[in-house]
Structures are given as structure tokens and as C-alpha cells.
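Summary of the model geometry
One-letter residues, chain by chain:
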Amino acid sequence: MSEDQIQQFLFLLFIAGVLMLAVGLGMYYQRMLRKAYFDVAAELRLSYDYVSYGLPRRLPLVYQLRRGKNRYASNVFKGRYKGFPVYVFNYHYATGDKRNKVHHYSSIAMLRHDLEMPELHAYPPDIYEKVGHMAGIDNIEVQTGDDAFSKAFTVLASDADFAKAFCTPGVMAYLMRHPDMSVEVGPGWMATCIQQRLVPAELKRRMDQMLKLLRVVPSHQSRQIPSSIGNINTPVPSSVDSAITPD
């Protein structure tokens, strides 16, 4: 074997070693991430499933769940949190054809509140660009009168009065502190979505965000949620600031 052949062999051996190391590190990372998901599920007393293809078809409300092909949920947490049924999961769908397929990833948190209320969708520009035309079929765009908020979020609702009651200064300020998060509320459910995959340490915060928003959702029936969370009443500016605190 010539010197050049030996060098080529050693180079190929080095490349193979690097690839094996990368695969090994990737598998180790996935095992550690899976363990972190299991640990946080146990801590919060939620069940955990690695993947679900049926979940996006069963859940209402969120327009992201109705888009594209190859739709599935992964790292699915479900159960009850502070008395409410919840789902938190990563979500994937694909658009385009085989030659220019684009994969989309996000994380979605959903909470069932069993209240009758109109639909409302508050989208930042990147999400509105993807789903706004779908939501706009049955909903109208509502102007809040706040220019900064209007640039950061588009609000679509089936009831303009409900939307204006929801978009209090406190709620708008809260959403401005989370500019990558969309919010959807409607009969029985509410949800938040961000265009990033779920981090285990963020699970509790994502559920708490929904409860903070639920606390100030205008309820035409004045129905109550558990006293540890508070009532769903039309907020006034002085009470909103105390109801929605920075997380």
C-alpha cells in the first residue's frame, strides 16, 4: 500500500470516527432530553407520550393544527394542572412538495376551561403570515387603538366587543413582553403557541401563562374558576397589573 493510500485510509477512518462520535453524542443528548421530559412530567403529575399522530386531529381551535401535511405532536404532556385539563406539546407539519418541502416546528400549550366565549386570535407577524388568512375566514380584524401593539400583534375575533374587553392595557403589555407568542381563545379552550420547540424547564411557565391570561378573559356568563386562580371577570386597569405579573 502506497503512502497516499495510507493517508486516504487514515483520513476516511478519521471521518468515520467523527461521524460515529456525532451519532453517539446525538443519541446521548436525546436520552438525556427524554429523561428531562419524564422527570418534569413526574414532578407536575402529568402523563408523557413521545409522539402522537392523532392529537392534532382531535384538538379544536388552534389553526396551526390544521395546516400542511405530515402533522404530528411530539413530547406530549397531558393531565390536569391547577384543576384544568391541559395539553402541552411540540408540533410539526410540512408544506410544499418533494422538491421544496419546508418543515415547520412549534410548541403549543392548550387548556380546557369549559366556558362559552367568542373566538379570538392574537398573532405576531410571523405566525399571522402563515395562518391569518385561514383565521380571517370567520373572524374580523379588531383595532385596539394602540399603535405599538398593532404592529406587534394582529387581533382577529368573531366579536369585536369581546376582543376590545380582552385587549386591556395590561394584557397588551403582557403580550408585548412575549412578542413571539400567539394566543387563541374560544368556546371551551384556550391556547398559546410559539415557533420554537418546547424546553422541559419551560413547561410550567407555559401552563402558568395560560392561567394568567384566563384570569382576565372577559366571561359573559361570570362563571368561576378555582379560588386559587381567581375569577374570570372583565378586568379594570388597576386590577390587571396585579393579575398579570412578569414571569
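Just so you know, these numbers come straight off a predicted model, no measurement behind them.

Okay, the side chain of Ser-74 next. Summarising the element assignment, Ser-74 is placed in strand S2 (residues 69–81). Judged by its relative accessible area of 15%, Ser-74 is buried.

Another point: the sheet that holds strand S6 (residues 140–142). In space, the 9 strands of this open sheet follow the order S1-S2-S3-S4-S9-S8-S5-S7-S6, with antiparallel pairing throughout. Each edge of the sheet is formed by a strand with only one pairing partner; in this case those strands are strand S1 (47–52) and S6. In this sheet, adjacent strand axes meet at a mean angle of 20 degrees when their direction is disregarded. Pairing of strand S5 (residues 120–123) with strand S8 (residues 181–186) involves 3 bridges; the strand directions are antiparallel. Residue pairing for S8: Ala-122 is matched across the bridge by Val-183.

This next bit is on the environment of Ala-122. Looking at the secondary structure, you find Ala-122 in strand S5. In this structure Ala-122 comes out as buried when scored by relative accessible area, which is 1%. It is 6.4 Å that separates the C-alpha atoms of Ala-122 and Leu-156, two residues lying 34 residues apart in sequence. Contacts of Ala-122, omitting those with residues within four sequence positions, involve Phe-153, Thr-154, Val-155, Leu-175, Met-181, Ser-182 and Val-183.

Judged by which residues are buried, S5 turns out to be covered on both faces: Leu-120 and Ala-122 on one side and His-121 and Tyr-123 on the other are all buried. Where S5 meets strand S7 (residues 154–157), 4 bridges bridge the pair, whose relative direction is antiparallel. Bridged to Ala-122 within S7 is Val-155.

With that settled, consider helix H7 (residues 203–214). Residues spaced three or four apart along an α-helix face the same direction, because each turn holds 3.6 residues. Over its 12 residues, H7 runs 17 Å from end to end, which matches the ideal 16 Å to within 8%, given 1.5 Å per residue. Counting buried positions along H7 yields 10 of 12 residues, so the element is predominantly enclosed. If you check which residues of H7 are buried, you get Leu-203, Arg-206, Met-207, Asp-208, Gln-209, Met-210, Leu-211, Lys-212, Leu-213 and Leu-214.

It is worth spelling out the confidence of the model for the protein chain at this point. Per-residue confidence for the protein chain gives a mean pLDDT of 79; residues scoring 70 or more make up 74%. Ignoring residues within four places in sequence, the model shows residues 229–242, a span with pLDDT below 50, making 29 contacts including any to other chains.

Definitions and limits used
- Residues numbered from 1 in each chain as written.
- Predicted model: local features only at pLDDT ≥ 70, side-chain atom pairs only at ≥ 80, totals over all residues.
- Heavy atoms only, no water.
- Helix = DSSP H or I, 4+ residues; strand = E, 2+ residues; numbered from the N terminus.
- Buried < 20%, exposed > 50% of the residue type's maximum accessible area, 1.4 Å probe, protein only.
- Pairing = 2+ DSSP bridges.
- Axes fitted to C-alpha atoms, helices over the stretch in contact; angles between N-to-C directions.
- Contact = heavy atoms within 4.5 Å.
- Expected span 1.5 Å × (residues − 1).
- pLDDT = per-residue confidence, 0-100.

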